[in-house]
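A structural walkthrough
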Amino acid sequence: MRRCRGRCRGGDGASEDAVLYEATGSGVAILTFNRPDRLNAWGPDIAAGFYSAIDRAEQDRDIRVVVLTGRGKGFCAGAYLGTPNSGQSYGDTMEKASRTDLADLVGDRPPHFVTTLRKPVIAAINGACVGIGLTQALMCDVRFAAAGAKFAAVFARRGLIAEFGISWILPRLTTWGVALDLLLSGRTFLAEEAAELGLVKEVVAPQDLMKRALDYAEDIARNCSPASMEVIKRQVYGDATRDVADATSRAEVLLHEAMPRPDVIEGITSFLEKRPPRFPSLDSTDA
């Protein structure tokens, strides 16, 4: 598997890139959170690097699928508020919290912007997936997780609320009861339970995680129409706020729009000829 590497720097002046970017020859972009010393906790540096890498993948017509993972033992262990200071007083802690600029911490895009991307985003959750890290993972389209990886929606245990859209996505991926359990208790649960609850597609041995996620992503890149995947994503996330009659009517319109496209002809022809499809890539003007 041929890969090319690139750089997506964060905004804090760190000597190492906050997010690493690789592209495979088969059309998969691999984005890696690169702050392992803090379990890839989310901060302005990771936010800026992530947005830059996502934009790069979206604009590259050779990229058809994105895989998101973390370096080290964490996927993303929540928000990063600086290094711990054991000597910090209660008053200092409260003053710092009151001065925290959430917009600066999170960045200029909410986690749900991942659902609006034209290309599928696959999360390979290698370790701790907590708080905003959990929200970001749930906004990806498909999730694989390493066995034993820890998950938690810790907001209630920090005196916070269900942040950044997790109250929207969590009940849709599982059930109201499960969502309320996880959000109200803020308890830690493992990848194996996450799979049982429907939050993760598959649990994989840690050493096999990236291979499994890349095999899945590359199968999509080789065999699925980019135009079809773009429209399907819009349907799934858009239909979440529509009733079934509305969704059906919208699907009929989209189907009529899809029929003249070369993707449909190629999809049917390749099936009849028993060969892999050769779908055209998305252009930057496609919508």
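In what follows, the accompanying structure is described. Since the model is a prediction, treat every value here as computed from it, not as a measurement.

1. Points about the overall build of the protein
Across its full length, the protein holds 11 helices and 11 strands. A total of 287 residues make up the protein; the buried ones form 46% of that total. Counted over contacts in the protein with a minimum sequence separation of 6, partners at least 24 positions apart contribute 67%. Total accessible area on the protein stands at roughly 14,500 Å², and carbon and sulfur atoms take up 55% of it.

2. Quick word on the packing of aromatic side chains
The geometry of an aromatic ring pair is captured by two quantities: the separation of the ring centres and the angle between the planes. Summed over the entire model, instances satisfying the criterion amount to 9 aromatic pairs. Their ring planes at 45 degrees and their centres at 6.2 Å tell us that Phe-50 and Tyr-51 sit as a pair that is tilted. Comparing Phe-50 with Tyr-51, the two get one shared label, buried. With centroids separated by 5.6 Å and ring planes inclined at 80 degrees, the aromatic side chains of Tyr-51 and Phe-113 adopt a geometry described as edge-to-face. Of this pair, Tyr-51 sits in helix H1 (residues 44-59) while Phe-113 sits in the loop between helix H3 (102-106) and strand E6 (121-125), and the two are 62 residues apart along the sequence. The class of Tyr-51 is buried, set by a relative accessible area of 6%. Among the aromatic residues, those joined into a cluster by ring pairs are Phe-33, Trp-42, Phe-50, Tyr-51, Phe-75 and Phe-113.

3. Things to note about the pattern of salt bridges
Oppositely charged side chains can pair when the atoms bearing their charge come close. One pass over the structure, following the stated rule, counts 10 salt bridges. Across the pair Arg-71 and Glu-16 runs a salt bridge whose closest N-O atoms are separated by 3.6 Å. Of this pair, Arg-71 sits in the loop between strand E4 (65-70) and strand E5 (74-77) while Glu-16 sits in the loop between strand E1 (3-8) and strand E2 (19-24), and the two are 55 residues apart along the sequence. Here Asp-215 and Lys-211 are joined by a salt bridge, their closest N and O atoms 2.8 Å apart. Placement of both Asp-215 and Lys-211 in helix H8 (residues 209-223) is noted, with a separation of 4 residues, approximately one turn of the helix. Given a relative accessible area of 55%, Lys-211 falls into the exposed group. Several salt bridges converge on common partners, so that one network encompasses Arg-35, Arg-38 and Asp-45.

4. Let's talk about the environment of Leu-199
Looking at the element boundaries, Leu-199 is found in the loop between helix H7 (191-196) and strand E11 (202-204). Residue Leu-199 is classed as buried on the basis of its relative accessible area of 3%. Expressed as a C-alpha distance, the spacing of Leu-199 and Leu-170, which sit 29 residues apart in the sequence, is 8.2 Å. In this structure Leu-199 touches Leu-138, Arg-143, Leu-170, Leu-173, Thr-174, Leu-182, Phe-189 and Ala-194, once residues within four positions along its chain are discounted.

5. Considerations on the sheet that holds strand E7 (residues 128-130)
Across the sheet, which stays open at both edges, the 4 strands sit in the order E5-E7-E9-E10 with mixed pairing between neighbours. Both outer strands of the open sheet, E5 and strand E10 (188-190), are each paired with one neighbouring strand and no more. When the angles between neighbouring strand axes are averaged without regard to direction, this sheet yields 25 degrees. Helix-sheet contacts for helix H4 (residues 132-139) involve E5, E7 and strand E9 (150-152), and the interaxial angle to E7 is about 95 degrees.

6. Focus on the packing of helix H5 (residues 166-173) against helix H6 (residues 176-185)
Contact pair H5 / H6: the axes reach a minimum separation of 7 Å and the direction vectors enclose 135 degrees. It follows from the interaxial angle that H5 and H6 lie oblique. Seen from above, H5 lies across H6 with right-handed handedness. In contact with Ile-166, Leu-170 and Pro-171 of H5, H6 contributes Trp-176, Ala-179, Leu-182 and Leu-183.

7. Considerations on the nonpolar core
Grouped together as the largest cluster of nonpolar side chains are 51 residues, with contacts concentrated most on Leu-31, Phe-33, Trp-42, Phe-50, Phe-75, Phe-151 and Ile-166. Of all the elements, H1 adds the most residues to this core, at 7 residues. Ignoring any residue separated from it by four or fewer positions in sequence, one finds Phe-33 in contact with Ala-18, Val-19, Asn-40, Trp-42, Ile-46, Phe-50, Leu-68, Thr-69, Gly-70, Arg-71, Phe-75 and Cys-76.

8. Considerations on H1
In this model, H1 (16 residues) spans 23 Å end to end at C-alpha, consistent with the 22 Å of a helix rising 1.5 Å per residue. Burial in H1 covers these residues: Asp-45, Ile-46, Ala-47, Gly-49, Phe-50, Tyr-51, Ala-53, Ile-54, Ala-57 and Glu-58.

9. A few points about the pairing of strand E8 (residues 142-146)
Walk down a regular strand and you will see the side chains alternate between the two sheet faces. Most of E8 sits out of view: 5 of its 5 residues are buried. Pairing of E6 with E8 involves 4 bridges; the strand directions are parallel. Residue pairing for E8: Ile-125 is matched across the bridge by Ala-145. Where E8 lies against E11, 3 bridges are found, and the strand directions are parallel. Across the sheet, Ala-145 pairs through a bridge with Val-203, a residue of E11.

Calculation rules
- Residues numbered from 1 in each chain as written.
- Predicted model: local features only at pLDDT ≥ 70, side-chain atom pairs only at ≥ 80, totals over all residues.
- Heavy atoms only, no water.
- Helix = DSSP H or I, 4+ residues; strand = E, 2+ residues; numbered from the N terminus.
- Buried < 20%, exposed > 50% of the residue type's maximum accessible area, 1.4 Å probe, protein only.
- Contact = heavy atoms within 4.5 Å.
- Areas by Shrake-Rupley, 256 points an atom, 1.4 Å probe, with all protein chains shown as cover.
- Phe/Tyr/Trp six-rings, centres within 6.5 Å; stacked < 30°, edge-to-face > 60°.
- Salt bridge = Lys/Arg side-chain N within 4 Å of Asp/Glu carboxyl O.
- Pairing = 2+ DSSP bridges.
- Axes fitted to C-alpha atoms, helices over the stretch in contact; angles between N-to-C directions.
- Parallel < 35°, antiparallel > 145°, perpendicular 65-115°, else oblique.
- Left-handed = near helix turned anticlockwise from the far one by under 90°.
- Core = buried A, V, L, I, M, F, W, Y, C linked by side-chain atoms within 4.5 Å.
- Expected span 1.5 Å × (residues − 1).

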